Amino acid sequence: HRHLLGIKGLTEQDITLLLDRADEAVKISRQREKKTSSLRGLTQINLFFEASTRTQSSFELAGKRLGADVMNMSVGNSSVKKGETLIDTAMTLNAMHPDVLVVRHASAGAAALLAQKVSCSVVNAGDGQHEHPTQALLDALTIRRAKGKLSRIIVAICGDVLHSRVARSNILLLNQMGARVRVVAPATLLPAGIEQMGVEVYRSMAEGLKDADVVMMLRLQRERMAGSFVPSVREYFHYYGLDAEKLKAAKDDALVMHPGPMNRGVEIASEIADGPQSVIEQQVEMGVAVRMAVMETLLLSQNQGPRL
Ligand code: CP
């Protein structure tokens, strides 16, 4: 079986073919009749152990638009509450013959672990601080549609890089596609050895955003900071929150992105999130298309797309 566990391991050609297929899915999603039958008869189970608005709903819509039967496991009401383990939960669902399991979990490596155990495809919908591959793909699609390319563009990823699987997957993908990636953050919110991922590191927004084509803001993940450094919101916004003044350093036509959920007034000012350079809603639209493309690529036996 084939899985999508991370961006790591995907080639430039894999990514390009997935984005090309997603461009086609955008057209389907903009029609009045959005349903196709390419995955008719197949079963998709979404298994989310962490909260989600965008990822879970877009995976559900993606499966339905391709004609699959989609089931959302409500973990909060499941036997996980009685102590059933991740593996036992997944094996129980596996016995019902799904074709794909979409998994979000707080532990890095959870999706890869399940992929070794179950007999269907597994898609990683976010595993701890490790990877969120479909987020990076939808971000890439949003950028490619606006800028026409990914190679040689300057992307500044700003804020809580330390806790961000979104940042990790984006760095891997953008580097693979030949973009120039910067990270902009205080030292306390950067993982050790981040330079080894092939990024330029900046401490100041004024320097890090200079001439950027894309400014990608990250959510300050206070729920993952228990017992460690938690910055004051006011101080954080002063130095790292994206406002009109800081955005001036980037190119005039720079895109403003945020994976959501946003903390308005913490990492991004409302006037910027809702402003003319923001493509945050386009990112959400691209999320459905990318997930359609991923599911088709994994599940269609006759596909011409990338082998994941
Ligand atoms: N961007 C993202 O993963 O959002 P959700 O947590 O709402 O799915």
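Residues numbered from 1 in each chain as written. Predicted model: local features only at pLDDT ≥ 70, side-chain atom pairs only at ≥ 80, totals over all residues. Heavy atoms only, no water.

(A) The arrangement of the pattern of salt bridges in detail. As enumerated under the stated definition, the model contains 16 salt bridges in all. Asp-23 serves as the salt-bridge partner of Arg-145, at 2.6 Å between the closest nitrogen and oxygen. Residue Arg-145 is found in helix H5 (residues 133-147), and its partner Asp-23 is found in helix H1 (residues 12-29); the two are separated by 122 residues along the sequence. Of the residues examined, Arg-145 reaches a relative accessible area of 38% and is grouped as partly exposed. The partner of Arg-182 in a salt bridge is Glu-200, and the shortest N-O contact between them spans 4.0 Å. Residue Arg-182 is located in strand S6 (residues 180-184), and its partner Glu-200 is located in strand S7 (residues 200-202); the two are separated by 18 residues in the primary sequence. Relative accessible area serves as the criterion here: at 6%, Arg-182 is assigned to the buried category. (Salt bridge = Lys/Arg side-chain N within 4 Å of Asp/Glu carboxyl O. Helix = DSSP H or I, 4+ residues; strand = E, 2+ residues; numbered from the N terminus. Buried < 20%, exposed > 50% of the residue type's maximum accessible area, 1.4 Å probe, protein only.)

(B) Main features of the nonpolar core. One finds Leu-137 and Ile-157 to be the most contacted residues of the largest nonpolar core, which totals 59 residues. When residues no more than four places from it in sequence are discounted, the contact partners of Ile-157 are Ala-167, Asn-170, Ile-171, Val-181, Arg-182, Val-183, Val-184, Met-216 and Leu-218. (Core = buried A, V, L, I, M, F, W, Y, C linked by side-chain atoms within 4.5 Å. Contact = heavy atoms within 4.5 Å.)

(C) Structural detail: the packing of helix H3 (residues 86-94) against helix H4 (residues 110-117). The geometry of H3 relative to H4 is characterised by a closest axis approach of 10 Å and an angle of 45° between their N-to-C directions. With respect to H4, the axis of H3 lies oblique. Relative to H4, the crossing made by H3 is right-handed. Seen from H3, the contacting residues are Leu-86, Ile-87, Ala-90 and Met-91; seen from H4, they are Ala-110, Leu-113, Leu-114 and Lys-117. In terms of residue class, the contact of H3 with H4 is made up of seven nonpolar, no polar and one charged. (Axes fitted to C-alpha atoms, helices over the stretch in contact; angles between N-to-C directions. Parallel < 35°, antiparallel > 145°, perpendicular 65-115°, else oblique. Left-handed = near helix turned anticlockwise from the far one by under 90°. Nonpolar A, V, L, I, M, F, W, Y, C, P; charged D, E, K, R; others polar.)

(D) How the structure looks around the sheet that holds strand S3 (residues 100-105). Strand order in the open sheet formed by four strands is S2-S1-S3-S4, and the pairing between neighbours is parallel. The sheet is open, and its two borders are formed by strand S2 (69-73) and strand S4 (121-127), each paired with just one other strand. For this sheet, the mean inter-axis angle between neighbouring strands, taken without regard to orientation, is 15°. Inspection of the sheet shows strand S1 (residues 43-48) paired to S3 by five bridges, in the parallel sense. Bridged to Phe-48 within S3 is Arg-104. This element, H4, spans S3 and S4 of the sheet and lies at about 165° to S4. (Pairing = 2+ DSSP bridges.)

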